[in-house]
Amino acid sequence: MQYEELLKAFGESLGLGDFPQEHGPVAIDVDGMPIAFVHKPETDRIVLLGTVGEPPPEAAGRFGALLLQANFMFEASESCTLAQNPEGGTYVLQRELPLEFLDVGKLQSTLEGFANTLERWRRALLDFRPLEESAGTVSAGEPAPPRFGGDGFIAV
């Protein structure tokens, strides 16, 4: 299926009459998170791209290291890649898919999984506190702050 044909059928399946718009970026809002569709014609692939957020000023390096570790064997990135946009430094989640294997149903299910992963990483960034800062700040009876375990997921 061609890129334009796939996105038009995708939009129709969701009842979005004007999707994709002829001019401007191709994106959809999923639970308040914009997710862009980028066509790479040179490889006939589509890239799903979502913003995780800005690096935390007090712990940008530590959170960046956590993102890199999550990419290892895709253990905590659900077959997506976490990266830092060189223009501005924003953290992003991206997933590249070959168009030849996609249909509307596969795109919908992939988008759903992508959105869930993006939501988890956005929440992790909002809740992120370096271990040194959170050590000793939990009172008796208070739950400990979330931390990533060896499996890459937040332990709550």
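Up top you'll find the structure we're talking about.
By convention here, each chain's residues receive numbers from 1 onward along its written sequence. With pLDDT at 70 or above as the cut-off, local features in this predicted model cover only qualifying residues; side-chain atom pairs require 80 or more to be listed or tallied, and sums for whole chains, interfaces and linings still use all residues. To get the side-chain values, all heavy atoms of the structure are used, and hydrogens and water are removed first.

Trainee: Even after reading the chapter, I still don't get the pattern of salt bridges, so can you show me in this structure?
Mentor: Oppositely charged side chains are able to pair whenever their charged atoms sit close together. Put simply, a salt bridge is a Lys or Arg side-chain nitrogen that is within 4 Å of an Asp or Glu carboxyl oxygen. Enumeration according to the criterion identifies four salt bridges in this entry. Residues Lys-8 and Glu-12 are paired through a salt bridge, measuring 3.6 Å at the closest nitrogen-oxygen approach. Of this pair, Lys-8 and Glu-12 both sit in helix α1 (residues 3-13), separated by four residues, roughly a single helical turn. Buried, partly exposed and exposed residues are distinguished by accessible area as a fraction of the type maximum, computed with a 1.4 Å probe on protein chains only: under 20%, between the cut-offs, and over 50%, respectively. The class of Glu-12 is exposed, set by a relative accessible area of 54%. In this structure, the salt-bridge partner of Glu-96 is Lys-40, at a minimum N-O distance of 2.9 Å. With Glu-96 in strand β5 (residues 91-98) and Lys-40 in strand β2 (residues 33-40), the pair connects residues that are 56 residues apart, well separated along the chain. Classification of Glu-96 by relative accessible area gives partly exposed; the value is 36%. Overall, Lys-40 belongs to the partly exposed group, its relative accessible area being 27%. Helix and strand assignments come from DSSP, with helices taken as H or I runs of at least 4 residues and strands as E runs of at least 2, each series counted from the N terminus.

Trainee: Help me understand the pairing of β5 in this model?
Mentor: Within a regular beta strand, the side chains point alternately toward one face of the sheet and then the other, so they alternate between its two faces. Two strands are said to pair when DSSP picks up at least two bridges between them. Examined bridge by bridge, strand β3 (residues 45-53) and β5 share eight bridges and lie antiparallel to one another. Within the sheet, the bridge partner assigned to Ile-46 lies in β5 and is Leu-97. In this structure, strand β4 (residues 81-84) lies alongside β5, joined through four bridges in antiparallel fashion. For Gln-84, the partnering residue across the bridge sits in β5 and is Tyr-91.

Trainee: Could you clarify how one ought to interpret the packing of aromatic side chains in this entry?
Mentor: What characterises a pair of aromatic rings is the spacing of the ring centres plus the angle enclosed by the ring planes. Within 6.5 Å between ring centres, the rings of Phe, Tyr and Trp (the latter by its six-membered ring) count as paired, and their orientation is classed by plane angle as stacked under 30 degrees, edge-to-face over 60, tilted in between. Applying the stated criterion across every chain, the model contains four aromatic pairs. Geometrically, the ring pair formed by Phe-63 and Tyr-91 is tilted, given 5.5 Å between the ring centres and 50° between the ring planes. Of this pair, Phe-63 sits in helix α2 (residues 60-71) while Tyr-91 is found in strand β5, placing the two residues 28 residues apart along the sequence. With respect to class, Phe-63 is no different from Tyr-91; both count as buried. With 6.2 Å between their ring centres and 80° between their planes, Phe-63 and Trp-121 make a pair best called edge-to-face. One end of the pair, Phe-63, is in helix α2; the other, Trp-121, is in helix α3 (residues 104-127), with 58 residues separating them in the sequence. A single burial state applies to Phe-63 and to Trp-121, both of which are buried. Clustering of aromatic rings is evident, with ring pairs tying together Phe-63, Tyr-91, Trp-121 and Phe-128.

Trainee: Help me understand the packing of α1 against α3, please; the structure alone is not making it clear to me.
Mentor: Axes are the key here: two packed helices are described by the angle between their axes and the distance separating the axes. Think of each axis as a best-fit line through the C-alpha atoms, taken over the contacting stretch in the case of a helix, with angles from 0 to 180 degrees between the N-to-C directions. At a minimum axis separation of 9 Å, α1 and α3 run at an interaxial angle of 70°. The angle between the axes of α1 and α3 places the two elements in the roughly perpendicular class. Contacts between α1 and α3 pair Leu-6, Leu-7, Ala-9, Phe-10 and Ser-13 from the former with Val-104, Leu-107, Gln-108 and Leu-111 from the latter. Only Asp, Glu, Lys and Arg are considered charged, only Ala, Val, Leu, Ile, Met, Phe, Trp, Tyr, Cys and Pro nonpolar, and every remaining residue, Gly among them, polar. Across the contact of α1 with α3, the residue classes tally to seven nonpolar, two polar and no charged. Each angle is binned into one of four classes, with values under 35 degrees roughly parallel, values over 145 roughly antiparallel, values of 65 to 115 roughly perpendicular, and all other values oblique. For this analysis, residues touch if any pair of their heavy atoms sits within 4.5 Å.

Trainee: Sorry if this is basic, but what is going on with unusual backbone geometry here?
Mentor: Trans peptide bonds make up most of the peptide bonds, and negative phi angles are found at most residues other than glycine. With phi around 50°, Asp-31 is a residue other than glycine that occupies positive phi space. Within the secondary structure, Asp-31 sits in the loop between β1 (27-30) and β2. Assessed through its relative accessible area of 68%, Asp-31 is described here as exposed. Even without a glycine there, the phi angle at Met-73 is positive, about 55°. Within the fold, Met-73 resides in the loop between α2 and β4. Given the relative accessible area of 62%, Met-73 is considered exposed.

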